[in-house]
Every structure is written in C-alpha cells, then in structure tokens.
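Commentary on secondary and tertiary structure
Residues per chain, in single letters:
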Amino acid sequence: MSSELSRSIDQLCERNSLLPACFQEDIVREELRRIAAARAKNRTERRRVLVIGGAGYIGNVFIRHLLNAGIDVVSTDVLMYENAPLAMTSWTHSGYTFIKGDLRKSNEIDSALNGVSDVVLLASLVGDPISKKYPTQSQHINVDATQSLISSLRNRGLNKFIFVSTCSNYGLQPDNTPAHEASDLKPLSVYARNKVSVEEFLLSQNWDFSYTILRFATAFGLSPRMRFDLTVSEFTRDMFLRRDLLVYDADTWRPYCHVEDLSTAMLRVLDFPIETISREVFNTGCDANNFTKRSIVELIHQRIPDAPIRYKDHGSDPRNYRVNFEKIRNVLHFIPAKSVADGVDELIRAMQSGVFDNADAHPNFYGNRSIPLFDTEAVK
Ligand SMILES: NC(=O)c1ccc[n+]([C@@H]2O[C@H](COP(=O)([O-])OP(=O)(O)OC[C@H]3O[C@@H](n4cnc5c(N)ncnc54)[C@H](O)[C@@H]3O)[C@@H](O)[C@H]2O)c1
C-alpha cells in the first residue's frame, strides 16, 4: 500500500472513529473500491471534490471539513453576494483550488469539472424570498442550468454526485405528522418547486454515476458567510439587538440543523458504500431539532429576557412541516451533534465579540436579500 493511500485510510478511520464497528468496516471497504475503480480508469486515486456554490453559507464550512479530512477541493462560485473574499478563505491550503464560474455557463463549469472524482451541488438561488424576487433567474439557475450540469456529468467516470435539496419541499404537512422521504411533496414556493423539479429529473433517469439527494433542514450556526435571513440566526440577532421582532404564525413547525452537522452529513455520503447511498433521498437533520417559531423565540428569551416580541397570525409563508429523520439516522448513523440552543449560544457569543457590528451595512453579504447582478428583473 502506498504511503499516500495508507494516510487517506488513516484519516478516513479517524473521522469515522465514533461510528459502530460495522459502519467503519463498510467505509474502509468503500474507499478501497473507489481507489480500485479510479486506478482501472487510469485516474488519480486522490479524492478531489468539486463544490459548486462553495463560497456560500454552507459551502464555506463544508470545504473546511473536506480539507481537514485530507480531501482535495475545487470550489466554484459566481460570487453573487459580494462574497468574493470568501473564495480566499482556504487559499493557502495546498489541496484547495478556486475557479470563478457560473453554473449557467457550461464552458466555465466544464473547466472546473476537469479531473474531479465527486461533485457536490450547493449553488442555487437559496430561499423563498430571493427566488420569488428573481423567478426567471431562479428557473435558469435552480432548474435549467442544474439539469444541464447533471446531464454533463455523464461519461466522466464520476464517482458520486450529491444534490442538495430542501425539507421545504414538504410545504404543508397535515396534522403535524412528521414527513418522511416518501411523504407527498407539497412545494409552496418557486424555490421548493425548483428543487422538486430537479429531484424528479434525477430520479426519473438512469445515470452512470451514483447520486444522492439530501433534503436539508433549515440551517443555523456560524459560517464565514453568515446568513441573517435564516430563522434561528435572524431571531437571535434581532433579539440580541432588542429590535422589534414580529413573528408570524408562531406555532408552525420546521426542522433545523447546524452547518457543521450538514457538512458531516455530506462527508458521510462521500464516505459510505455506494450501494447504501446511490439513488437515495435522505432528510438531513434530526427529530429533536424540529421546532416551532414560538419555541425558538422562548429559547432565545431564556437568554435575553428583555427582548421585545410581537406575534401575528396569517403571514405570507404558510409552510408548516415537521420532518422524520429516522432514515439518515439508521442508514448513515447520522446524529447531529449540535442543538438549536447550541447555535443560539454560539451566535450570541460571536455578536458579543463585535464581529457582526457592521452587518447592517452589508445586507447582501449577510443574507440572500438582493442580487445587484439581476436587478433589472427583480419583482418588487
Ligand atoms: N441554508 C439553508 O437553510 C438551506 C436549507 C436547505 C437547503 N439548502 C441548500 O443548500 C445549498 C447551499 O445553501 P446556502 O445556505 O449555502 O446558500 P448561499 O446562498 O449562501 O450559497 C449559494 C452560493 O451559490 C452561489 N451561486 C448561486 N448561483 C450560482 C451560479 N449560477 N453559478 C455559480 N454559483 C452560484 C452563490 O454565489 C452562493 O455563494 C443550496 O442548494 C440550498 O438550496 C440550504
């Protein structure tokens, strides 16, 4: 065994050392399979993962996880949120390459695809408000360009492709019954309809690479590209600043997951045997992090009792879904380490340190609020 190969197996075992022994054995067998397949195709045996949308909120954290795991990364991003400095975060790491690229431009994505073993697609117009504001671009990026990318992955000897989707696809679930992967999808927004279209596209065809659909819970937690347009962080910041927080439809449910844990989940898909993850859909989060908006506010109130709150019914976002995470727990042994309370506490500590004092001056960097690049088509 070459020294590089034994180092990669050591790193693999170390990062999965807390998993039950049977999972660890499967993971080592999978790595040996992957390497043998790469050798048979005359490709480098080093893993090189292309992260499309790598300069975003989740991408920044995920890339750090990959590099720490000894995996090389090519990150590509069009940098639409004034987030160019974030392409630099890992610049000095020898395993990191950044290629500025637009998912809508096949030549740019083609050069990023050169020599990669696996692809993770994070790039998207993310969230209901931004997709509603730019519906045409949303269709172009989230559906048309995404489907073109997927089609272009054929005949490349690709190992694994991860499509990051959303639990928002469940929209409005009856009687607060937790939705599992086979529950009816009821997308209520342009964003969720876009994600469902791509899921259907992937699931309806035969591909010569393994693919996995991860339906992420709403993210929270610190990232170099912090997003204050996501519930836990938005509420925590507004309450920390004693702003007048108006919470609509306080008793609606949604699941949440820390960005570090979402990164672990993606890494787990890359590590796990292909027969376990291929053509599979996983809700990504944990049952304990299903929360109503009111329970999040109460949790923050315990820490900031004098924060003003108002509640109102009949807001513009009718989503209400609890989600069942049994499958990812059983199949990938994925159990998020961080609770919503952990996320609130870490954000309060960061705000106390003053790192976000200037966030209001950069609304697009700190949230998906508007994209100057697309402003001619914005729906007001
Ligand atoms: N953040 C969440 O709560 C959440 C929840 C569920 C699913 N997801 C999914 O996770 C993924 C990442 O979300 P995020 O929170 O990091 O979002 P984000 O908006 O912070 O990051 C998306 C990145 O993609 C880039 N991008 C957008 N269009 C592009 C294009 N045409 N070409 C190249 N790059 C482009 C943006 O510049 C940005 O850096 C998305 O697919 C999203 O749907 C996120």
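You'll find the structure just up there.
In this report, we go over the structure that sits alongside the text.

Reading guide: rules and limits
Residues numbered from 1 in each chain as written. Predicted model: local features only at pLDDT ≥ 70, side-chain atom pairs only at ≥ 80, totals over all residues. Helix = DSSP H or I, 4+ residues; strand = E, 2+ residues; numbered from the N terminus. Rg over C-alpha atoms; globule rule 2.2 N^0.38 Å. Buried ≥ 20, exposed ≤ 12 C-beta atoms within 10 Å, placed from the backbone. Contact = placed C-beta atoms within 7 Å. Axes fitted to C-alpha atoms, helices over the stretch in contact; angles between N-to-C directions. Parallel < 35°, antiparallel > 145°, perpendicular 65-115°, else oblique. Left-handed = near helix turned anticlockwise from the far one by under 90°. Pairing = 2+ DSSP bridges. Near = placed C-beta within 6 Å. Expected span 1.5 Å × (residues − 1). Arc of directions from axis to C-beta. Core = buried A, V, L, I, M, F, W, Y, C linked by C-beta atoms within 7 Å.

Let us look at the overall build of the protein chain. Counting its regular elements, the protein chain contains 13 helices and 12 strands. Expected size for 380 residues packed as a compact globule is a radius of gyration near 21 Å; at 20 Å, the protein chain falls within 12% of this value. With respect to the principal axes defined by its C-alpha atoms, the protein chain has extents near 60 × 50 × 45 Å. Counting over 380 residues, the protein chain shows a buried share of 44%. In the protein chain, once contacts between residues fewer than 6 apart in sequence are set aside, the share between residues at least 24 apart is 79%.

All right, on to the packing of helix 1 (residues 3–15) against helix 2 (residues 21–40) then. Each pair of packed helices can be summarised by the angle the axes make with each other and by the distance between the axes. As a packed pair, helix 1 and helix 2 sit with axes 10 Å apart at the nearest point and diverge in direction by 150°. When the axes of helix 1 and helix 2 are compared, the pair comes out roughly antiparallel. The two elements helix 1 and helix 2 meet at a crossing, and its hand is right-handed. Across from Leu 5, Ile 9, Leu 12 and Cys 13 in helix 1, the residues of helix 2 making contact are Gln 24, Ile 27, Val 28, Glu 31 and Ile 35.

Taking strand neighbours across the sheet as the criterion, the 3 strands line up as 7-9-11 in an open arrangement whose pairing is mixed. Of all the strands in the sheet, the pair left with one neighbour each is strand 7 (218–220) and strand 11 (290–292). Pairwise comparison of adjacent strand axes, ignoring direction, gives a mean angle of 50° for this sheet. The sheet contact formed by strand 9 (residues 253–258) and strand 11 spans 3 bridges and is antiparallel. Paired with Trp 253 across the two strands is Thr 292, which belongs to strand 11. Lying over the sheet, helix 9 (residues 259–271) contacts strand 7 and strand 9, oriented at roughly 75° with respect to strand 9.

Bringing the site of the ligand into the picture now. The environment of the ligand is formed by 29 residues, the closest being Gly 53, Gly 56, Tyr 57, Phe 216 and Ala 219. Examining the composition of the shell around the ligand, we find that 3 residues originate from one element, helix 3 (residues 57–68), more than from any other.

Further remarks concern helix 2. Here helix 2 contains 20 residues, and its C-alpha end-to-end distance of 29 Å stays within 8% of the 28 Å for a straight helix at 1.5 Å per residue. When we look at burial in helix 2, the residues that qualify are Ile 27, Glu 31, Arg 34 and Ile 35. Along the axis of helix 2, the buried residues cluster in a sector spanning 95°; they form a single face. Projecting away from the buried face of helix 2 at angles above 90 degrees are the exposed residues Ala 21, Cys 22, Glu 25, Arg 29, Leu 32, Ala 36 and Ala 40. Summarising the contacts, the buried residues of helix 2 are in contact with helix 1 and helix 9. With its phi angle positive at about 60°, Asn 42 sits one or two positions after the end of helix 2.

Turning next to the nonpolar core. Looking at soluble globular proteins, one finds that nonpolar side chains tend to be buried together. Ranked by internal contacts, the top residues of the largest apolar core, which has 82 residues, are Leu 121 and Met 266. No other element matches the 7 residues that helix 9 contributes to this core.

What follows is about helix 11 (residues 293–303). Along helix 11, the positions that sit buried rather than exposed are Lys 293, Ile 296, Val 297 and Ile 300. Taken around the axis of helix 11, the buried residues stretch over an arc of 100°, which confines them to a single face. Lining the buried residues of helix 11 we find helix 8 (231–240), strand 8 (245–248), strand 11, strand 12 (309–312) and helix 13 (340–353).

This brings us to the sheet that holds strand 5 (residues 160–166). Taken in spatial order, the 7 strands of this open sheet run 3-2-1-4-5-6-10, and their pairing is parallel. At either end of the open sheet lies a strand with only one pairing partner, and these are strand 3 (96–100) and strand 10 (280–284). Going from strand to strand, the sheet's axes swing by 20° on average, the running direction of each strand aside. Both strand 6 (residues 210–216) and strand 10 contribute to a ladder of 5 bridges, which runs parallel. Note on strand 10: the bridge partner recorded for Arg 215 is Asn 283.

Glancing now at unusual backbone geometry. Phi angles above zero are rare outside glycine, and Asn 155 is one such case at about 60°. Take Asn 155: there are 8 C-beta atoms within 10 Å of it, and that puts it in the exposed class. Within the chain, His 314 stands out as a residue other than glycine whose phi angle is a positive 60°. Relative to the helices and strands, His 314 resides in the loop between strand 12 and helix 12 (326–332). Judged by the 7 C-beta atoms lying within 10 Å of it, His 314 falls in the exposed class.

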